[in-house]
Amino acid sequence: MLKWAVIIVAVLICIALFLNLWRLIQGPNLQDRILALDTMYINSIALIILYGIHMGTGLYFEAALLIAMLGFVSTSALCKYLLRGDLIE
């Protein structure tokens, strides 16, 4: 039962990734594109965790944590660049 649930959720997250990609390409302004990119990070983290559950190993959880940290830092830096015009003051 868990195998089918993981597969179904992975397919739904892949659909969400494609919808985020559409928003990233078609976004009416830059803020929508940044939000779509941030949501793509979150969905990719969910896919990696699901793959780790499917394979039964903890290595993928550490990779998901690394991607989460990089996603947070990059989103914060991009938002600061949009607000102030430069990253280092």
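Summary of the structure given here. (Residues numbered from 1 in each chain as written. Predicted model: local features only at pLDDT ≥ 70, side-chain atom pairs only at ≥ 80, totals over all residues. Heavy atoms only, no water.)

### Some remarks on the overall build of the protein chain
Selection rule: Each helix is a run of H or I in the DSSP string that is no shorter than four residues. Each strand is a run of E no shorter than two, and both are numbered from the N terminus. It is over C-alpha atoms that the radius of gyration is taken, and the globule rule equals 2.2 Å times the number of residues to the power 0.38. Buried means the residue's accessible area, taken with a 1.4 Å probe over protein chains only, is under 20% of the maximum for its type, while exposed means over 50%, and partly exposed covers the values in between. Two residues qualify as a contact provided that any one of their heavy atoms is within 4.5 Å of a heavy atom in the partner residue. Surface accessibility in these figures is a Shrake-Rupley result with a 1.4 Å probe; residues are shielded only by whichever protein chains are displayed. Charge assignment in this entry is limited to Lys and Arg as positive and Asp and Glu as negative, and neither His nor the chain termini are counted. In this description, the location of a charge corresponds to atom NZ of lysine, CZ of arginine, CG of aspartate or CD of glutamate.
A tally of helices and strands in the protein chain yields three helices and zero strands. The order of helices and strands in the protein chain, counted from the N terminus, is α-α-α. Here the protein chain has a C-alpha radius of gyration of 16 Å; the compact-globule value for 89 residues is 12 Å, and the former is much larger. Classification of the 89 residues of the protein chain by burial places 16% in the buried group. In the protein chain, 43% of the contacts between residues at least 6 apart in sequence involve partners at least 24 apart. Accessible surface, the protein chain as shown: approximately 6,600 Å² in total, 74% of it carbon and sulfur. Charged side chains of the protein chain number 5 positive and 5 negative; the gap between the two group centres comes to 8 Å.

### Remarks on the side chain of asparagine 20
Here asparagine 20 is to be found in helix H1 (residues 2-26). Assessed through its relative accessible area of 13%, asparagine 20 is described here as buried. In contact with asparagine 20, not counting residues within four places along its chain, are Ala36, Thr39, Met40 and Asn43.

### Section: the packing of H1 against helix H2 (residues 30-55)
In plain terms, the rule: Between N-to-C directions, angles span 0 to 180 degrees; the directions come from axes that are lines fitted to C-alpha atoms, helices contributing only their stretch in contact. Roughly parallel refers to an angle under 35 degrees, roughly antiparallel to one over 145, roughly perpendicular to one between 65 and 115, and oblique to any angle outside these ranges. For any helix crossing, the convention is left-handed if the near helix is rotated counterclockwise from the far helix by under a right angle, and right-handed if that rotation is clockwise. Classes in brief: Ala, Val, Leu, Ile, Met, Phe, Trp, Tyr, Cys and Pro nonpolar; Asp, Glu, Lys and Arg charged; the others, Gly included, polar.
H2 packs onto H1 with a crossing angle of 160° between their chain directions and a minimal axis gap of 9 Å. With respect to their mutual orientation, H1 and H2 come out roughly antiparallel. As for how H1 packs across H2, the hand of that crossing is left-handed. The class makeup of the residues in the contact of H1 with H2 is 18 nonpolar, six polar and three charged.

### Let's talk about the packing of aromatic side chains
Threshold: When two rings of Phe, Tyr or Trp (its six-membered ring) have centres within 6.5 Å they constitute a pair, described as stacked for plane angles under 30 degrees, edge-to-face for angles over 60, and tilted for the intermediate range.
As enumerated under the stated definition, the model contains one aromatic pair in all. Ring centres of tyrosine 51 and tyrosine 60 lie 5.0 Å apart, and the angle between their planes is 80°; on these two criteria the pair is classed as edge-to-face. The class for tyrosine 60 is partly exposed, based on a relative accessible area of 26%.

### Let's talk about H2
Using the following cut-off: Expected helix span is computed as 1.5 Å times (number of residues minus one).
With 26 residues, H2 ought to run about 38 Å at 1.5 Å a step, and its terminal C-alpha atoms sit 37 Å apart, in line with that. The secondary structure elements touched by the buried residues of H2 are H1 and helix H3 (59-84).

### Concerning the environment of threonine 75
Applicable threshold: In protein, a polar contact requires one atom able to donate a hydrogen and another able to accept it; more generally it is a pair of N or O atoms within 3.5 Å, and residues adjacent in sequence count only if both atoms are side-chain atoms.
Following the sequence through the fold, threonine 75 ends up in helix H3. In contact with threonine 75, other than residues within four places in its own chain, are Ile34 and Asp38. Engagement of the side chain of threonine 75 in a polar contact is seen with the backbone oxygen of glycine 71, the distance being 2.8 Å.

### Observations regarding the packing of H2 against H3
What describes two packed helices is the angle between their axes and the distance between those same axes. Put simply, H2 and H3 touch, their axes get as near as 9 Å, and they point 175° apart. Relative to H3, H2 is oriented roughly antiparallel. Across the interface between the two elements, Leu30, Ile34, Asp38, Tyr41, Ser44, Ile45, Ile48, Ile49, Tyr51, Gly52, Ile53 and Met55 from H2 touch Tyr60, Phe61, Ala64, Ile67, Ala68, Gly71, Ser74, Thr75, Leu78, Cys79 and Leu82 from H3. Of the residues that constitute the contact of H2 with H3, the class distribution is 17 nonpolar, five polar and one charged.

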